[in-house]
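Descriptive analysis of the structure
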Amino acid sequence: MKLFALLTSSLLATAVSASIFGSSIEVAPYDDALDVPGKNPLQHCQDPKDDILDLESVDLDPNPPLPGKTLKITATGTLSQNVTEGAKVHLQVKWGLVTIIKMTNDLCDAGKEVDLKCPIEKGEITLEKEVKLPKEIPPGKYNVIADVETKDEDRVTCLTATVEFKRGGNMVVHQGLK
Ligand SMILES: *[C@@H]1O[C@H](CO)[C@@H](O)[C@H](O)[C@H]1NC(C)=O
């Protein structure tokens, strides 16, 4: 499903670009119950039971993603209602303790890059997307949070991941937020 192409490519791609300083968003402590099903380093920011998006699975190939390689994303989920114009993606990336990206994007505008058309109709949705990752990623521990809400500020989904890029381009996935 296209929403996830956007989210997951945001999670991965923006971790390596831009530099906007800002404050932080609170994230729940590590909890297995928050893991997103499938082969991925993602977790829900908090209990997703009231989310508009019910994520069934997200698979990344390879998992963990590798700098310079094409990442294939396959995701399935169910939307309990249409997601219309005005939906927003709040994105925050920390590199160590420093917030390097804090921005809000219009989901429908940003989605055009990944073929996302609004309204996104409610019901079962699936996604297959390939993303080419940059080769040069500054080493360090990155924490990414992508919070998606409708124009009425109802939560669609909120996903987080903590990944570490080692010198030399290998990536280590941390289970949970440290
Ligand atoms: C959802 O979107 C579809 C397609 O745009 C539309 O036909 C339908 O009426 C919408 N449903 C609601 C509840 O707004």
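Read on for a plain summary of the structure. Predicted model, so just to flag it, every value in this text is computed and none were measured. (Residues numbered from 1 in each chain as written. Predicted model: local features only at pLDDT ≥ 70, side-chain atom pairs only at ≥ 80, totals over all residues. Heavy atoms only, no water.)

1. Some points on the pattern of salt bridges
Within the structure shown, the criterion is met by 2 salt bridges. In this structure, Lys 49 and Asp 50 form a salt bridge, with 3.5 Å as the shortest nitrogen-oxygen distance. Taken as a pair, Lys 49 and Asp 50 share a single burial class, namely exposed. Note that Arg 155 is salt-bridged to Asp 147, the shortest N-O span being 3.0 Å. The partly exposed category is assigned to Arg 155, whose relative accessible area is 29%. (Salt bridge = Lys/Arg side-chain N within 4 Å of Asp/Glu carboxyl O. Buried < 20%, exposed > 50% of the residue type's maximum accessible area, 1.4 Å probe, protein only.)

2. A look at the environment of Asp 109
Inspection of the secondary structure puts Asp 109 in helix α2 (residues 107-111). When the C-alpha atoms of Asp 109 and Gly 86 are compared, they prove to be 9.2 Å apart, with 23 residues separating the residues in sequence. (Helix = DSSP H or I, 4+ residues; strand = E, 2+ residues; numbered from the N terminus.)

3. Some remarks on the side chain of Thr 162
Among the structural elements, Thr 162 can be located in strand β8 (residues 155-165). Polar side-chain contacts of Thr 162 include one of 3.1 Å to the side chain of Asn 143. (Polar contact = N/O pair within 3.5 Å; in protein donor to acceptor, adjacent residues only side chain to side chain.)

4. Digging into the state of the cysteines
Defined simply, a disulfide is a covalent bond joining two cysteines at their sulfur atoms. On inspection of all chains with the given rule, the structure shows 2 disulfides. Assigning the bonded cysteines of the chain consecutive numbers by sequence position, one obtains the connectivity 1-4, 2-3. (Disulfide = S-S within 2.5 Å.)

5. A short note on the site of the ligand
Around the ligand, the structure places Asn 82, Pro 119 and Glu 121. In this structure, an oxygen atom belonging to the ligand sits 2.3 Å away from a side-chain N or O atom of Asn 82. Relative to its unbound accessible area of 360 Å², the ligand is 32% covered by the protein chains. (Near = heavy atom within 4 Å. Areas by Shrake-Rupley, 256 points an atom, 1.4 Å probe, with all protein chains shown as cover.)

6. A closer look at unusual backbone geometry
A cis amide bond links Asp 61 with the next residue in sequence, Pro 62, at an omega value of 0°. The residue Pro 62 is located in the loop between β2 (53-61) and β3 (70-79) in this model. Going from Asn 63 to Pro 64, the amide bond is cis rather than trans, its omega being 0°. Residue position: Pro 64 is located in the loop between β2 and β3. Notably, Glu 153 is not glycine yet its phi reads approximately 65°, a positive angle. Here Glu 153 is to be found in the loop between β7 (140-149) and β8.

7. Some points on the sheet that holds β2
Taken in spatial order, the 3 strands make up an open sheet running β2-β3-β6, and their pairing is antiparallel. Taken across any chain shown, the strands that pair with only one partner, and hence form the sheet edges, are β2 and β6 (123-132). Strand-to-strand twist across the sheet, computed as the mean angle between neighbouring axes with direction ignored, equals 15°. Pairing of β2 with β3 involves 8 bridges; the strand directions are antiparallel. Paired with Asp 59 across the two strands is Thr 74, which belongs to β3. (Pairing = 2+ DSSP bridges. Axes fitted to C-alpha atoms, helices over the stretch in contact; angles between N-to-C directions.)

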